[in-house]
Amino acid sequence: MEEFTVKAEKIVSGGNCLCHIDGKAVFVPYALPEEILCVEITKKTRDWNMAKIKKILEPSSHRTEPFCPLYGICGGCNMQHIDSDFQKEIRKKLLLENFERAGVFLEDDVDVIFGENKGYRARIRLSDGGFYQKGSHSVIGVDFCPVATKEINEWLSKNPFESRPKGSLKLFADKRVKNASHIAISKENAQKSGHKKARFSGTVGGKSFEENKCELEILKKTLAFDVRGFFQSNLDVLEKSIAHITGKIKGFRALDVYAGVGTFSAFLSDNFDFVTLVEHNRDALVYAEQNLAGKKHESYGLPASLWAKRNAKNAIAFDAAVIDPPREGIERDTLDWFCKESKIPVIQSVSCDSATHARDVSKLIKAGYTLKKLTLLDFYPQTAHTESLAELELK
């Protein structure tokens, strides 16, 4: 393979560093902006190449020694070679670049809601007892993960790799988990569950619904969810984000679209007389009903686009909305309703994908909303992943 000397330019979405050789884009993992590198081309395509570092000739002042011995082998982290403060700056820049590409330019800096850089991750998935190796399905035995919570690492140390269940095993462990061991473990693994058909699209139904329930103490409230499904794994940043997103809005009626298990609704119900939840996963809504017990609310077990067509026109006016869609962003029919019909004065738009978030916020701005603040929700230190909050007000 060919070797070249290059100057790294900037980190792009996904965490690789962009360089150019003879005008052609080359992406280099584990490089930092402004570094001078000797690289070897590992993959060629018509439009771009991939390369690996052979030698760092002039390192960045932000380069640091990775703290995990499996860094670069495990497929999880990809920013441990960068000091924590500069990581945040990179993720802010990645977020901002996506918004600028969508034609959204900020007057103020991007805020950051962040927590600890290690020991934060409360949720892991084991495959045949270990983690997948980067870029393959080979399994690595892991007895300690420095980005995981103390409770997860206690379980890993007490359950040797060889004795762990085969298949897929999901663990959620943190001091906030409300049982004696502070850990919830999925009761089904891939070998046993096979290809069970879910009752509704996106659900994890089955007779072990209660067996897989995990209960957390979040900001003095108990929230339940299915450990086999999704719940945010950085609970410190989640608590700060909930307080920021729901604490500054109040009124009579609130709308929570893509509501999940009612994580935001449980706190919106403190500041609003009535909350409407829209969520396609009806199993998640079963937990939402538990999480909002005693609060005035209504739940729609429908895709947001279908709710917008069938029910939104008959809804009483909302004073505020929280929107938290999947990576694909807000569905077209739902976004059209927000832009053309809803007239909701305040929208707290949350996203786990900054590119689709920027696209959706751009359309809301064109429909008459003002972007008051953009915040990086820094849920995943040591990675290039960005989640964000856009605070919007109708002009």
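For clarity, every value in this text was computed on a predicted model and none was experimentally measured.

1. Observations concerning the overall build of the chain
Logical step 1: Along its length, the chain carries nine helices and 21 strands.
Logical step 2: If you take every contact in the chain between residues at least 6 apart in sequence, the share linking residues at least 24 apart comes to 60%.
Logical step 3: For the chain, the exposed area adds up to about 18,900 Å²; of that, 50% sits on carbon and sulfur atoms.
Logical step 4: Taken together, the 58 basic and 54 acidic charged side chains of the chain have centroids lying 4 Å from each other.

2. Points about the nonpolar core
Logical step 1: Counting 62 residues, the largest nonpolar core has Leu126, Phe172, Leu216, Phe231 and Leu235 as the members making the most contacts within it.
Logical step 2: The element best represented in this core is helix H4 (residues 235–247), accounting for five residues.
Logical step 3: Counting residues in hydrophobic clusters, the runner-up holds 32 residues, among them Ile323, Leu335, Phe338 and Ile347.

3. Topic: the pattern of salt bridges
Logical step 1: This structure, assessed with the given rule, holds 23 salt bridges.
Logical step 2: Lys92 is the salt-bridge partner of Glu89, the closest N and O atoms lying 3.7 Å from each other. Of this pair, Glu89 and Lys92 both sit in helix H1 (residues 84–101), three residues apart, roughly one helical turn.
Logical step 3: What makes Glu89 partly exposed here is its relative accessible area of 43%.
Logical step 4: Here Lys92 falls in the buried class, since its relative accessible area comes to 11%.
Logical step 5: Residues joined in a network through salt bridges with shared partners are Glu40, Lys52 and Lys54.

4. Thoughts on H4
Logical step 1: With 13 residues, H4 ought to run about 18 Å at 1.5 Å a step, and its terminal C-alpha atoms sit 17 Å apart, in line with that.
Logical step 2: Along H4, the residues classified as buried are Leu235, Val237, Leu238, Glu239, Ser241, Ile242, Ile245 and Thr246.

5. Things to note about the sheet that holds strand E7 (residues 111–113)
Logical step 1: Judged by pairing direction, the sheet is mixed, and its eight strands sit side by side in the order E7-E20-E21-E19-E18-E15-E16-E17 without closing on themselves. Taken across any chain shown, the strands that pair with only one partner, and hence form the sheet edges, are E7 and strand E17 (297–300). The sheet shows a mean angle of 20° between the axes of neighbouring strands, direction not considered.
Logical step 2: In terms of strand pairing, E7 meets strand E20 (residues 369–377) through three bridges, oriented parallel. Bridge pairing links Asp111 to Thr375 in E20.
Logical step 3: Most of the contacts of H4 go to E7, to which it runs at about 130°, and overall it touches E7, strand E18 (320–323), strand E19 (346–351), E20 and strand E21 (387–394).
Logical step 4: Against the sheet, helix H8 (residues 332–340) touches strand E15 (251–257), E18, E19 and E20, its axis set at about 155° to E15.

6. Comments concerning the pairing of strand E8 (residues 123–127)
Logical step 1: Across the five residues of E8, four count as buried, placing the element largely inside the fold.
Logical step 2: Of the pairings in the sheet, the one linking E8 to strand E11 (residues 168–173) comprises five bridges and is antiparallel in character. Its bridge partner lying in E11, Arg123 is registered against Phe172.

7. Thoughts on the sheet that holds strand E1 (residues 3–7)
Logical step 1: Strand order in this open sheet of six strands is E1-E5-E6-E4-E3-E2, and the pairing throughout is mixed. On the outer flanks of this sheet lie E1 and strand E2 (10–11), each paired with one strand and no other.
Logical step 2: When strand E3 (residues 17–21) meets strand E4 (residues 24–28), the two strands line up antiparallel, connected through five bridges. Note on E4: the bridge partner recorded for Ile21 is Lys24.

8. Some words on the packing of aromatic side chains
Logical step 1: Across all of its chains, the model carries nine aromatic pairs by this definition.
Logical step 2: Taking 5.5 Å as the distance between ring centres and 70° as the angle between the ring planes, the aromatic pair formed by Tyr30 and Tyr71 counts as edge-to-face. One end of the pair, Tyr30, is in the loop between E4 and strand E5 (36–44); the other, Tyr71, is in the loop between strand E6 (48–58) and H1, with 41 residues separating them in the sequence.
Logical step 3: For Tyr30, a relative accessible area of 22% translates into the label partly exposed.
Logical step 4: Assessed through its relative accessible area of 16%, Tyr71 is described here as buried.
Logical step 5: Relative to Phe231, the ring of Phe172 has its centre 6.2 Å away and its plane inclined at 75°; by these criteria the two rings are edge-to-face. Here Phe172 is found in strand E11, whereas its partner Phe231 is found in the loop between strand E14 (221–226) and H4, with 59 residues between them in sequence.

9. Points about the packing of H1 against helix H9 (residues 354–366)
Logical step 1: Contact geometry of H1 with H9 gives a least axis separation of 8 Å together with a crossing angle of 40°. Taken together, H1 and H9 sit at an angle that is classed as oblique. By crossing handedness, the relation of H1 to H9 is classed as right-handed. Residues Leu94, Leu95, Asn98 and Phe99 of H1 pack against Ser354, Ala355, His357, Ala358 and Val361 of H9.
Logical step 2: Looking at the contact of H1 with H9, its residues break down into six nonpolar, three polar and no charged.

Quick notes on the rules
- Residues numbered from 1 in each chain as written.
- Predicted model: local features only at pLDDT ≥ 70, side-chain atom pairs only at ≥ 80, totals over all residues.
- Heavy atoms only, no water.
- Helix = DSSP H or I, 4+ residues; strand = E, 2+ residues; numbered from the N terminus.
- Contact = heavy atoms within 4.5 Å.
- Areas by Shrake-Rupley, 256 points an atom, 1.4 Å probe, with all protein chains shown as cover.
- Lys, Arg positive; Asp, Glu negative; His and termini not counted.
- Charge placed at Lys NZ, Arg CZ, Asp CG, Glu CD.
- Core = buried A, V, L, I, M, F, W, Y, C linked by side-chain atoms within 4.5 Å.
- Buried < 20%, exposed > 50% of the residue type's maximum accessible area, 1.4 Å probe, protein only.
- Salt bridge = Lys/Arg side-chain N within 4 Å of Asp/Glu carboxyl O.
- Expected span 1.5 Å × (residues − 1).
- Pairing = 2+ DSSP bridges.
- Axes fitted to C-alpha atoms, helices over the stretch in contact; angles between N-to-C directions.
- Phe/Tyr/Trp six-rings, centres within 6.5 Å; stacked < 30°, edge-to-face > 60°.
- Parallel < 35°, antiparallel > 145°, perpendicular 65-115°, else oblique.
- Left-handed = near helix turned anticlockwise from the far one by under 90°.
- Nonpolar A, V, L, I, M, F, W, Y, C, P; charged D, E, K, R; others polar.

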